[in-house]
Amino acid sequence: MADRTPIESGLELRRGNFATLTEALDYAAKGATGLNFYGSNGKLDHSLTYAVLRAEAIELAKRLVGFAPKNTLIGLVAETSLAFARAFYACQYAGLVPVPVPMPAAMGGRESYIHQLRQMLGGAQAEALFAPDHLIDMAREALDPIQISVFDMDNPDLPISQGADTELRPFGADELCYIQYSSGSTNDPKGVLGSQRSVTANCEAIITHGLQVREGDRAVSWLPLYHDMGLIGFFVAPMMSQLSVDLLASSSFARRPLTWLSLISENRGTLSYSPTFGYELCVKRWRNDRQLDLSSWRAAGIGGDMVRGDALDAFFETFKDHKFSDKAFVPSYGMAEATLALAFAPLGEGAVSDEIDNDRLRRSGEAVPVSDRTKTAARRTFMLCGKILPGHELEVRGKNGAALEDRKVGDICVRGPSITPGYYRNEDATRASLTADGWLHTGDLGYMLDGQIVITGRSKDLILAHGRNIWPQDLEWAVEGAVSGRIGRTAAFPVTNKTGVDEIVLLVECRSRKPENLFLLHAEATAAARLAANSPVRVGIVPLSSLIVTSS
């Protein structure tokens, strides 16, 4: 079994200043670093240097150029594997546009997955899908009816081309890089266009300013490679800064989340990210049954969902005796339409919170700091998610489109070189999201504070009840805190009843089926939700796994 790739590349550190991904891989391949794939037990399964990755990608690319014309879309099941890495970069050298798609476990069942593959790849008019061997039959069931070929990603049965048909045709700086489809579990998926220029601009900004990558850094990740935080943040960006990265499949993390921390400890990882729930899961599974040294972890990033201070506090309290520093926390803000990242909290300062009067926020749309007169139930904490990356612009705008002052909640709009050119074959969605001068309407709401952005929620999720704005996550988190351990997911949303009046509904997944437990749970959840909303809430108890979720 090969050893893991080293921390030091032996090259002069270049912080993402490349025009294309192939130019970056050509440079990284001159060094000793690369990718390392681990099992859920923490044992190294495979490792390959960027030199080997480049060689194998080019070998496959020479077969791909004879398979399809340039700019053809190719679906890739984004398994955390050597085969996916090889196929993704082979597409870059062959001038084919990779479309990473999720693994089926994330989609909630066989039929749901088949539906998603047809939606994503059929809508994209992809030429083929490359899938791991164990998914070939399911993929063919999904795609044969719409005439999309399926190949074994590990051993694709492609003819060996001759002569001119083997000439590489890598993308130029002004061409595409990949297409990332939204999960589409709750609506039709949209394909976010990633261009070479937007990807390299975002990676350079992340490497140089956001995480300030330096000699001696090593990345560790369990994030899925079909999502921008995993694909760009911990697959492409490490390569563009010549870093070794240790990769753990998301399914392995879900089974054994503490393997993530063990890899950071054993391999002296310095950079690693997770949504808030990943930190929560580690706390829940901790049994104090292993020794960890997390002192090397200098940037413990949080992104991909709302940053929850209570979860970060619990993580710090659990692992501070294992040399984890709460100053390592780096709340961040971004989205696929911005390639990945838009804002990073200052390094070395930890997570900074802002406690505001939620009643006043609901009434006036202003995030007023708490005072001695603020009711306990009205206290709401938000986390500062950092300053916009250099070269980019961010504005919080009111309904009239004008920029708002600090602490005024409004629509978040961004502009800069990392922003997507649009959505693939969806002009209506592109026009709705992008202005003529390049501003992206993110769909997020928030406010500015001391130069940093504070995210309060998604505009489409905001509930208007009795003339007040109510954030669904306030109700969901209140119930989860009140009945912790007895429920699964929760979801709050408005419903218009037969009389035309908007009501707030909260669905709660219950782990028990005993009538007496359901009755008690309903009463406790209703009380917690009504207190959080300061308004009537209809609570419905549903079985586990009832709520539809996205692949994220």
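It should be emphasised that the depicted structure is a prediction, and the values quoted were computed from it without experimental measurement.

Trainee: For this particular structure, what's the right way to read the packing of helix 3 (residues 82-94) against helix 7 (residues 228-240)?
Mentor: Each pair of packed helices can be described by the angle between their axes along with the distance between the axes. Relative to each other, helix 3 and helix 7 sit at 70°, their axes nearing to 13 Å. Put simply, helix 3 runs roughly perpendicular to helix 7. Here helix 3 runs over helix 7; the crossing is right-handed. On the side of helix 3, the interface is formed by Phe84, Ala85, Phe88 and Tyr89, while helix 7 contributes Leu231, Phe235, Val236 and Met239. Taken together, the residues of the contact of helix 3 with helix 7 break down into eight nonpolar, no polar and no charged.

Trainee: Quick question: what am I supposed to make of the packing of aromatic side chains here?
Mentor: How two aromatic rings sit relative to each other is set out by the distance from centre to centre and by the angle between their planes. All told, the structure shown has 26 aromatic pairs when counted by the stated rule. By way of ring pairs, the aromatic residues Trp222, Phe253, Trp260, Phe277, Tyr279, Trp286, Trp297, Phe315, Phe319, Phe324 and Phe329 are connected into one cluster. For Arg14, the ring lying beneath its charged end belongs to Tyr27, and the centroid distance is 5.1 Å. In this structure, Arg397 is placed above the aromatic ring of Trp439, and the distance from its NZ or CZ to the ring centre is 4.5 Å.

Trainee: Mind showing me how you'd approach the pattern of salt bridges here?
Mentor: Where charged atoms from two side chains of opposite charge approach closely, those side chains can pair. Under the counting rule described, the total for this entry stands at 28 salt bridges. Two residues, Asp428 and Arg431, come together in a salt bridge whose shortest N-O distance is 2.5 Å. On the criterion of helical spacing, the pair formed by Asp428 and Arg431 is a turn pair, its members being three residues apart in helix 13 (residues 427-433). The two residues Asp428 and Arg431 agree in class, both being exposed. Ionic contacts of the salt-bridge type, sharing partners, join the residues Glu280, Arg308, Asp310 and Glu480 into one network.

Trainee: Could you clarify how one ought to interpret helix 11 (residues 309-319) in this entry?
Mentor: Structurally, the α-helix is built with 3.6 residues per turn, so residues lying three or four positions apart point the same way. Those residues of helix 11 that fall on the buried side of the exposure criterion are Gly309, Ala311, Leu312, Phe315, Phe316 and Phe319. For helix 11, the arc enclosing every buried residue in end-on projection is 160°, short of the 170-degree limit, so these residues lie on one face. Against the buried residues of helix 11 lie helix 9 (258-267), helix 10 (276-285), strand 12 (299-302), strand 13 (329-334) and strand 16 (379-383).

Trainee: So what exactly am I meant to see when it comes to unusual backbone geometry here?
Mentor: Leaving glycine out, the prevailing phi sign among residues is negative, and the prevailing peptide bond configuration is trans. In this structure, Gln125 is a non-glycine residue whose phi angle is positive, near 55°. Even without glycine at this site, Gln147 takes up a positive phi of about 60°. Residue position: Gln147 is located in the loop between helix 5 (136-143) and strand 6 (149-152).

Trainee: It is not clear to me how the side chain of Arg308 should be interpreted in this structure. Could you clarify?
Mentor: Relative to the elements of secondary structure, Arg308 occurs in the loop between strand 12 and helix 11. By relative accessible area, Arg308 is classed as buried at 14%.

Trainee: What is the right way to look at the sheet that holds strand 18 (residues 393-397) in this model?
Mentor: Sheets are built from strands paired through backbone hydrogen bonds, the pairs being either parallel or antiparallel. Taken together, four strands build an open sheet; the order of strands is 18-19-20-21 and the sheet is antiparallel. Sheet topology places strand 18 and strand 21 (452-458) at the edges, where each strand pairs with a single neighbour. Averaged over all pairs of adjacent strands, the angle between strand axes in this sheet comes to 45°, irrespective of strand direction. Inspection of the sheet shows strand 18 paired to strand 19 (residues 410-415) by five bridges, in the antiparallel sense. In the sheet register, Glu395 faces strand 19, and the bridge partner there is Cys413.

Trainee: I would appreciate a short explanation of the sheet that holds strand 26 (residues 537-543) in the present structure.
Mentor: Spatially, 24-25-26 is the arrangement adopted by the three strands of the open sheet, whose pairing is mixed. The open sheet has two free edges, formed respectively by strand 24 (487-496) and strand 26, since each of these has just one partner strand. Within this sheet the neighbouring strands show an average axis-to-axis angle of 20°, counted without direction. With eight bridges joining them, strand 24 and strand 25 (residues 502-510) adopt antiparallel strand pairing. Bridge pairing in strand 25 places Thr496 opposite Asp502. Sitting on the sheet, helix 14 (residues 472-482) is in contact with strand 24, strand 25 and strand 26, with an inclination near 145° to strand 24. Its contacts with the sheet put helix 15 (residues 515-533) on strand 24, strand 25 and strand 26, and the angle it makes with strand 26 is roughly 140°.

Trainee: Explain helix 2 (residues 50-64) to me, please; I cannot follow it from the model alone.
Mentor: Counted at 1.5 Å a residue, the expected span for helix 2 with its 15 residues is 21 Å, and the 20 Å between its end C-alpha atoms agrees. Within helix 2, burial applies to Tyr50, Leu53, Ala57, Ile58, Leu60, Ala61 and Leu64.

Trainee: Is there a simple way to explain the pairing of strand 26 in this structure?
Mentor: A regular strand carries its side chains on alternate faces of the sheet. Two strands pair when backbone bridges link them, and strand 25 and strand 26 are joined in this way by seven bridges, in the parallel orientation. In the strand pairing of strand 26, Leu507 is matched with Gly540. For the crossover from strand 25 across helix 15 to strand 26, the handedness is right-handed.

Trainee: What is the right way to look at the state of the cysteines in this model?
Mentor: One way to say it: the disulfide is the covalent bond shared by the sulfur atoms of two cysteines. Enumeration according to the criterion identifies zero disulfides in this entry. Note on Cys177: no disulfide assigned, nearest cysteine sulfur contributed by Cys203 at a separation of 8.4 Å. Its sulfur unpaired, Cys282 is 20 Å from the next cysteine sulfur, which belongs to Cys385. Relative accessible area serves as the criterion here: at 0%, Cys282 is assigned to the buried category.

Trainee: I would appreciate a short explanation of the environment of Cys91 in the present structure.
Mentor: Looking at where Cys91 falls in the secondary structure, it is placed in helix 3. Residue class for Cys91 comes out buried when judged on its relative accessible area of 2%. Residues in contact with Cys91, not counting those within four places in the same chain, are Leu64, Ile74, Leu96, Pro98 and Phe171.

Trainee: Explanation requested: the packing of helix 9 against helix 10 in the structure shown.
Mentor: Interhelical geometry of helix 9 versus helix 10 gives an angle of 100° and a closest axis separation of 9 Å. Regarding the angle of helix 9 to helix 10, the classification is roughly perpendicular. Contacts from Leu258, Trp260 and Leu261 in helix 9 reach Gly278, Tyr279, Cys282 and Arg285 in helix 10. Across the contact of helix 9 with helix 10, the residue classes break down as five nonpolar, one polar and one charged.

Cut-offs and rules
Residues numbered from 1 in each chain as written. Predicted model: local features only at pLDDT ≥ 70, side-chain atom pairs only at ≥ 80, totals over all residues. Heavy atoms only, no water. Axes fitted to C-alpha atoms, helices over the stretch in contact; angles between N-to-C directions. Helix = DSSP H or I, 4+ residues; strand = E, 2+ residues; numbered from the N terminus. Parallel < 35°, antiparallel > 145°, perpendicular 65-115°, else oblique. Left-handed = near helix turned anticlockwise from the far one by under 90°. Contact = heavy atoms within 4.5 Å. Nonpolar A, V, L, I, M, F, W, Y, C, P; charged D, E, K, R; others polar. Phe/Tyr/Trp six-rings, centres within 6.5 Å; stacked < 30°, edge-to-face > 60°. Lys NZ or Arg CZ within 6 Å of the ring centre and 35° of its normal. Salt bridge = Lys/Arg side-chain N within 4 Å of Asp/Glu carboxyl O. Buried < 20%, exposed > 50% of the residue type's maximum accessible area, 1.4 Å probe, protein only. Arc of directions from axis to C-beta. Pairing = 2+ DSSP bridges. Expected span 1.5 Å × (residues − 1). Right-handed = clockwise from strand over helix to strand, strands pointing away. Disulfide = S-S within 2.5 Å.

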